[in-house]
Amino acid sequence: MKRTNYKYMMLSLQPMAALVMNLLLAYTVYGIARIAYLLENYSFFSEGLDFSHLFNLLLGGLKFDTSAIVYTNALYIFLMLFPLWQKETAFYHRLCRWVFVLPNALGFALNLADSVYFPFTLRRTTTSVFQEFSNEDNIATIFGTELVRHWYFVVLFIVVCLLLFKVYRTPKTTAKDFSLKPHRLQFTLINILALALMAVFCVGGARGGLQSGVRPITISNANEYVRRPVECAIVLNTPFALLRTIGKSVFFVPDYFPSPAASAMVFNPIHTPRKVEQPTKKNIIILIVESFGREYIGAYNPTLEQGRYEGYTPNIDRLIAKSCVWQYSYANGHKSIDGMPSVLCSIPMFVEPFVLTPASMNEYTGLPGLLSKWGYSTAFFHGANRGSMGFLAFANKIGFQNYYGRQDYVADKRFGGDKDFDGNWGIWDEPFLQYYCEKMDEMKPPFMTAVFTVSSHHPFVVPEAYKTTFKEEALPIHKCIRYTDMAIGRFFEAASKHDWYKNTIFVITSDHTNQSNHPEYKTAIGEFSAPLIIFDPSGELPVGMQEGIAQQIDILPTLLGIMGYDRPYLAFGCDLFHTPASETYALNYINNTYQYTKYGYTLQFDGKKVTGLYRLTDTLMKENLAGRVAVEKKMEKELKAIIYQYMYRMVNDKLN
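Reading the values: rules and limits
Each chain has its residues counted from 1, following the order in which its sequence is written. Side-chain atom pairs in this predicted model are given and counted only at pLDDT of 80 or more, local residue features only at pLDDT of at least 70, and totals for whole chains, interfaces and linings cover all residues. Hydrogens and waters are ignored; side-chain quantities use all the structure's heavy atoms. Think of it this way: any DSSP run of H or I at least four residues long counts as a helix, any run of E at least two long counts as a strand, and we number them from the N terminus. Each radius of gyration is computed over the set of C-alpha atoms, and the globule rule expresses the reference value as 2.2 Å times the number of residues to the power 0.38. The rule is simple: take the accessible area with a 1.4 Å probe, protein chains only, and divide by the maximum for that residue type; under 20% is buried, over 50% is exposed, in between is partly exposed. For the accessible areas, the method is Shrake-Rupley and the probe is 1.4 Å, while residue cover comes only from the protein chains on display. For two strands to be treated as a pair, DSSP must find no fewer than two bridges joining them. We define a salt bridge as a contact between a side-chain nitrogen of Lys or Arg and a carboxyl oxygen of Asp or Glu at a distance within 4 Å. Centres within 6.5 Å make a pair out of two Phe, Tyr or Trp rings, where for Trp the six-membered ring is used; the pair is then stacked when the planes are under 30 degrees apart, edge-to-face when over 60, and tilted otherwise. Given the number of residues in a helix, its expected span is that number minus one, multiplied by 1.5 Å. It is the directions from the helix axis to the C-beta atoms whose arc is reported. Throughout, a residue-residue contact means that at least one pair of heavy atoms, one from each residue, lies within 4.5 Å. Pairs of N or O atoms within 3.5 Å make up the polar contacts considered here, provided that, within protein, one atom can donate a hydrogen while the other can accept it, and that residues adjacent in sequence are counted only when both atoms are side-chain atoms. Note on patches: the residues involved have over 30% relative accessible area and no salt bridge, like charges join within 9 Å, and the nonpolar side chains Val, Leu, Ile, Met, Phe, Trp and Tyr join within 5 Å. The nonpolar core is taken to be a set of buried Ala, Val, Leu, Ile, Met, Phe, Trp, Tyr and Cys residues, with the residues joined through side-chain atoms within 4.5 Å. The axes used here are C-alpha line fits, helices contributing only the stretch in contact, and every angle between their N-to-C directions lies in the interval 0 to 180 degrees. When an angle is under 35 degrees it counts as roughly parallel; over 145 it counts as roughly antiparallel; between 65 and 115 it counts as roughly perpendicular; any other value is oblique. The hand of a helix crossing depends on one turn: near helix anticlockwise from the far one by less than a right angle means left-handed, and clockwise means right-handed.

A. The overall build of the protein chain, seen in detail. If you tally the helices and strands in the protein chain, you get 21 helices and 14 strands. The C-alpha radius of gyration of the protein chain comes to 28 Å, within 12% of the 26 Å expected for a compact globule of 656 residues. With respect to the three principal axes, the spread of C-alpha positions in the protein chain is 105 × 60 × 50 Å. The buried share of the protein chain, taken over its 656 residues, is 59%. For the protein chain, the computed accessible surface area is about 27400 Å², with 60% contributed by carbon and sulfur atoms.

Below you can see the structure in the form of structure tokens.
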């Protein structure tokens, strides 16, 4: 009799035993995905990644894997342990197998896809990605290209899906095993208990712990395990990052200061212009060059590779020789949609791309809106389809009077039409910049325009006519940088022949950085290094390398300062020509960490405490000086004031 009871107890435990084995299989799949993610992007993580630290990162990742597995397998767990003996049939367990395999296969696919996308964002993908690409009609083409280029991930996906299906364990029970009423009761009681135990496990797993005071873990909790912000991507997994950002409020006002007025005593984004006798209403032309990192420009890197580095931009090098540039200059984000608000509105990226958050519906304007009210004609140019990346809506929002995209270029009979389409993103840079130049001849001065180029972008190709001119180099992007540099050189050559040229201020920057092959540009601050070049053909502005720090959000206040703009405005940057070099700064946000660069240091702050402080001269960010430098407290207070002002104004619609 005892042996019979033991037998039926073991049969009753079969669903729980199978469930545990299959959940371990899910953990294995997440582990494979993390290793694949790490290997695909190893150059970003290799610095200081010894075995013990890697083990700590992988161990930390288990907490986030548990949360993702619990959420994506909740239905499966319930179905397996549902305490009804009649469910123990072959059909029911085939159903359970598919309920297990499909979500975990999807989670694996998301992790693999994100490992390919990581170099463009340097973080795990969140739900904002769906808004970011909602206006694109070429995603299928890009996706297909990546499937071919990363064929090994396709093979790995197939192998893992087979693993999920073949290794999956099915309970060795049938409803016929429980023909007697006592055995049925035993099955029910055991599975009710198992379901209760799993409920506790699921709650603890989803929250990141069961101890009191533990709130559900978020992507920011990954910072507990890392030495560098970029390493958060190893600790996290993509299903978790997506699940944790569904419908979440992005901005909230921290308690760093008792009131906006108190924080404004430390940092006030409202600029009151200095008085000038006579404003100078020059034309303004801003070139936002896709992926045009500072690393690629020889003139910025005279000591790189022991002074032998030439870079890939001879035309930009010649332009820099007669322009104003800064010792340090940075982008404020990692995406094209980060660059637009930074360059044109002086709004940096904190937490999520501003234009993808509910705060994008606030009342705000930008340089074109301010100048339109000051008598300027304004226009935005982008060689992609109208509406691509949401740029058309954004351009309208911030006050551009006109927008010109791929369709407008094609309709202009003076140019090559759709044969100049690159097959991926938009019109090749060379012809589109010539179109841009000619269209400004039709504008009433003074005018303000901005152009966003497209050619130095993944999948990193150049026009057929230039394939023998611009060949493969150290990185795939380098040939594209050479092509775009040539296109910019020809743009300036054409512009110099127009009447408006000498009465124009040109600004050249990038939307963000991209592929890198020098360690100095792979650090948490180095990866934001972007050009900021101001060229005045009249020679009225300073020329040469200036001391201090410049960033994209300085462009708006600096241009308004040059022209003598006479009305108050909001900007999170500073006027570079009327701010002491010692007071200039840069703001970045990477993997739940704010970075504030000033006074010769880069401070890292996770929202609660300082996690890092590095000298700017420590180009590889080797020595963390947190807690050892007197200026740290001052920097922390200033950064908190900036964050407070940013969040308060986002939440309360105070961006005007």
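That shown, we press on.
B. Main features of the pairing of strand β12 (residues 593–598). With respect to burial, β12 is a largely interior element, six of its six residues being buried. Of the two faces of β12, the one carrying Thr593, Gln595 and Thr597 and the one carrying Tyr594, Tyr596 and Lys598 are both buried. The pairing of strand β11 (residues 586–590) with β12 spans five bridges and is antiparallel. Paired with Asn588 across the strands is Gln595, a residue of β12. Counting the residues in the hairpin turn of β11 and β12 gives two residues, including Asn591, whose phi is positive at 50°.

C. Layout of the pattern of salt bridges. Counting across every chain of the model gives 22 salt bridges. Across the salt bridge formed by Asp566 and Arg567, the nearest N and O atoms sit 3.6 Å from each other. In this structure Asp566 comes out as partly exposed when scored by relative accessible area, which is 46%. Note that Arg615 is salt-bridged to Glu623, the shortest N-O span being 3.7 Å. Residue class for Glu623 comes out partly exposed when judged on its relative accessible area of 37%. In this structure, a network of salt bridges that share partners links the residues Asp412, Arg414, Lys439 and Glu442.

D. How the structure looks around the packing of aromatic side chains. By the definition in use, this model includes 54 aromatic pairs. With a centroid separation of 4.8 Å and an interplanar angle of 20°, the aromatic rings of Phe381 and Tyr404 are classed as stacked. Pair noted here: Phe381 is in strand β4 (residues 377–382) and Tyr404 is in strand β5 (residues 402–404), with a separation of 23 residues, a long-range link. Across this residue pair, the class does not change: Phe381 and Tyr404 are buried. Both rings, one in Tyr501 and one in Phe506, keep their centres 5.6 Å apart while their planes meet at 50°; by these two values the pair is tilted.

E. Examining helix α8 (residues 151–167) more closely. Taking 1.5 Å as the rise per residue, α8 with 17 residues should run 24 Å; its terminal C-alpha atoms sit 24 Å apart, in good agreement. All of the buried residues along α8 are Phe153, Val160, Cys161 and Leu164. Projected onto a plane normal to the axis of α8, the buried residues spread over an arc of 105° and lie on a single side. Opposite the buried face of α8, by more than 90 degrees, sit the exposed residues Trp151, Leu162 and Lys166.

F. Structural view of the environment of Tyr466. Here Tyr466 is to be found in the loop between β6 (447–452) and α19 (476–495). Among the residues examined, Tyr466 registers a relative accessible area of 16% and is labelled buried. Taking the C-alpha atoms as reference points, Tyr466 and Tyr483, separated by 17 residues in sequence, lie 7.9 Å from one another. Setting aside residues no more than four positions away along its own chain, Tyr466 makes contact with Glu430, Tyr483, Met486 and Arg490. Of note is the side chain of Tyr466, whose polar atom sits 3.2 Å from the side chain of Arg490.

G. Structural context of the side chain of Asp412. Structurally, the position occupied by Asp412 is in the loop between α17 (406–411) and α18 (429–440). Residue classification places Asp412 among the buried residues on the basis of a relative accessible area of 12%. A polar contact is formed between the side chain of Asp412 and the side chain of Arg414, at a distance of 2.7 Å. If sequence neighbours within four positions are ignored, Asp412 has contacts with Tyr435 and Lys439.

H. How the structure looks around the pairing of strand β7 (residues 504–510). Among the seven residues of β7, seven are classified as buried, and the element is accordingly described as predominantly covered. On β7, burial covers both faces: Thr504, Phe506, Ile508 and Ser510 on one face and Ile505, Val507 and Thr509 on the other are all buried. Sheet analysis places strand β2 (residues 283–289) next to β7, joined by seven bridges and oriented parallel. By the bridge assignment for β7, Ile286 is matched with Val507. In this sheet, strand β8 (residues 532–535) lies alongside β7 in antiparallel orientation, the contact comprising four bridges. Bridging across to β8, Val507 finds its partner in Ile534.

I. Quick look at a nonpolar patch on the surface. A cluster of nonpolar side chains, namely Phe143, Leu147, Val154, Ile158 and Leu162, defines an oily patch on the protein surface of about 450 Å² accessible area. Of all elements in the fold, only α7 (139–149) and α8 reach the threshold of two or more residues within the nonpolar patch. Looking at the nonpolar patch, the element that brings in the most residues is α8, giving three residues. Assignment of secondary structure puts Ile158 in helix α8.

J. Highlighting the nonpolar core. In terms of nonpolar packing, the biggest core is built from 80 residues, with Ile286, Leu344, Phe350, Met448 and Leu559 touching the most fellow members. Ranked by residues supplied to this core, first place goes to helix α21 (residues 631–651) with 10 residues. Here Leu559 is in contact with Ile284, Ile286, Leu367, Ile505 and Val507, once residues within four sequence places are set aside. Counting 60 residues, the second largest nonpolar core, distinct from the first, contains Phe64, Leu81, Val116 and Ile234.

K. Inspection of unusual backbone geometry at higher detail. In this structure, the amide linkage connecting Pro445 to the following residue, Pro446, adopts the cis form with an omega of -5°. Mapped onto the elements of the fold, Pro446 is located in the loop between α18 and β6. Of the consecutive residues His458 and Pro459, the connecting peptide bond is found in the cis state with omega at 15°. Within the element layout of this structure, Pro459 appears in the loop between β6 and α19.

L. Fine view of the packing of α18 against α19. Taken N-terminus to C-terminus, the directions of α18 and α19 make an angle of 25°; their axes are 8 Å apart at the nearest point. Between α18 and α19, the crossing angle belongs to the class labelled roughly parallel. Read as a crossing pair, α18 and α19 show a hand that is right-handed. Facing Asp429, Glu430, Pro431, Leu433, Gln434, Tyr436, Cys437 and Met440 of α18, the residues of α19 in contact are Tyr483, Thr484, Met486, Ala487, Ile488, Arg490, Phe491, Ala494 and Ala495.

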